[in-house]
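# Structural overview for review
What follows is the residue order along each chain.
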Amino acid sequence: MSTKYQRILVGVDDSPDALLAFQYAVQQAKKDTAELVIVSVLEDDQMNVYQALNKDYVHGERDALIQHLKTYQHQAQAAGVTDVQIMIATGEPGETIVKTVIPDVQPDILIIGSLAKHGITKHFGSQAAYMAKYAPISVLVIR
């Protein structure tokens with residue numbers, strides 16, 4: 001049985017596994033002529049209190065992330081995906097994607113890497129495990 005997706009959500013954070021997830025999502029979106037939504041989460045717990053209170057710092061981080069996501073968007077378009085959206089969310093990645101991004105985007109599937117880029121949690125894959133467990137849609141975890 002073959003499933004054809006209409007809207008694919010892929011989470012990126014520049015970890016090697018997330019890059020593989022992005023490549024897989026691009027190929028799947030191209031094959032299915034699906035909309036591809038690329039999301040990255042600006043982790044506010046990675047900022048110290050002074051950075052978090054400095055609006056210029058937060059806006060600068062957000063602007064830099066938007067520019068970075070645009071490179072993913074251009075790569076997907078260059079690979080032949082015609083409908084590519086980008087979005088940024090703020091918070092803890094797993095919880096934010098499950099509780100905010102998925103309800104807003106309403107994708108058919110979430111594609112993510114198995115390991116996170118930052119912090120101690122990268123070794124345990126806890127973000128991927130959280131999303132796989134609590135997401136209301138199918139989750140494909142890429143290694």
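It should be noted that the structure appears before, not after, this text.
In this report, the structure presented in the accompanying data block is examined. (Residues numbered from 1 in each chain as written. Predicted model: local features only at pLDDT ≥ 70, side-chain atom pairs only at ≥ 80, totals over all residues. Heavy atoms only, no water.)

Turning next to the sheet that holds strand β4 (residues 109–113). Pairing in this open sheet of five strands is parallel, and the strands run β3-β2-β1-β4-β5 from one edge to the other. Both outer strands of the open sheet, β3 (84–90) and β5 (138–142), are each paired with one neighbouring strand and no more. In this sheet, neighbouring strand axes are inclined to one another by 25° on average, regardless of whether the strands run parallel or antiparallel. Pairing geometry for β4 and β5, over five bridges, is parallel. Of the residues in β5, the one forming a bridge with L110 is V139. Packed on one face of the sheet, helix α4 (residues 93–105) meets β1 (7–11), β2 (35–42), β3 and β4 and runs near 145° to β2. (Pairing = 2+ DSSP bridges. Helix = DSSP H or I, 4+ residues; strand = E, 2+ residues; numbered from the N terminus. Axes fitted to C-alpha atoms, helices over the stretch in contact; angles between N-to-C directions. Contact = heavy atoms within 4.5 Å.)

On to the pairing of β1. Put simply, side chains in a regular strand alternate between the two faces of the sheet. For β1, a buried count of four out of five residues is recorded, marking the element as mostly surrounded by other parts of the structure. Pairing analysis gives five bridges linking β1 to β2, with the strands arranged parallel. Residue G11 lies in a different strand from β2, and its bridge partner there is V39. As paired elements, β1 and β4 share three bridges and run parallel to each other. The residue bridging L9 from the neighbouring strand is L110, located in β4. (Buried < 20%, exposed > 50% of the residue type's maximum accessible area, 1.4 Å probe, protein only.)

A few words now on the pattern of salt bridges. Think of it this way: side chains of opposite charge can pair up when their charged atoms draw near. Throughout the structure, instances matching the rule amount to two salt bridges. A salt bridge links R7 to E35, with the nearest nitrogen and oxygen atoms 2.7 Å apart. Of the two residues, R7 is situated in strand β1 and E35 in strand β2; the sequence distance between them amounts to 28 residues. Here K99 ties to E95 by a salt bridge, and the two come within 3.4 Å at their closest N and O atoms. With K99 and E95 both in helix α4 and four residues apart, this pair spans about one turn of that helix. Residue classification places K99 among the exposed residues on the basis of a relative accessible area of 52%. Residue E95 is classed as partly exposed on the basis of its relative accessible area, which comes to 37%. (Salt bridge = Lys/Arg side-chain N within 4 Å of Asp/Glu carboxyl O.)

The next subject is the environment of D14. Topologically, D14 is positioned in the loop between β1 and α1 (16–32). Each C-alpha atom, one on D14 and one on G113, is 9.7 Å from the other, the two residues being 99 residues apart in sequence. Within the structure, the side chain of D14 is placed 2.7 Å from the side chain of H68, a separation counted as a polar contact. Polar side-chain contacts of D14 include one of 2.4 Å to the side chain of Y72. (Polar contact = N/O pair within 3.5 Å; in protein donor to acceptor, adjacent residues only side chain to side chain.)

With that settled, consider α4. Here α4 spans only 15 Å end to end across 13 residues, well under the 18 Å set by a 1.5 Å rise per residue. On the buried face of α4, the contacting elements are β1, β2, β3, β4 and α5 (126–134). Positioned one or two residues after α4, Q106 has a phi angle of 55°, which is positive. (Expected span 1.5 Å × (residues − 1).)

In terms of nonpolar packing, the biggest core is built from 23 residues, with I8, V10, F22, L36, I38 and I111 touching the most fellow members. When contributions to this core are tallied by element, the ones reaching two or more residues are β1, α1, β2, α3 (55–78), β3 and β4. It is α1 that contributes the most residues to this core, five residues altogether. When residues no more than four places from it in sequence are discounted, the contact partners of I8 are A25, Q28, A29, A34, E35, L36, V37, P107, I109 and I111. Judged by nonpolar contacts, the second largest core, of 16 residues, contains I102, I112, A128 and M131. (Core = buried A, V, L, I, M, F, W, Y, C linked by side-chain atoms within 4.5 Å.)

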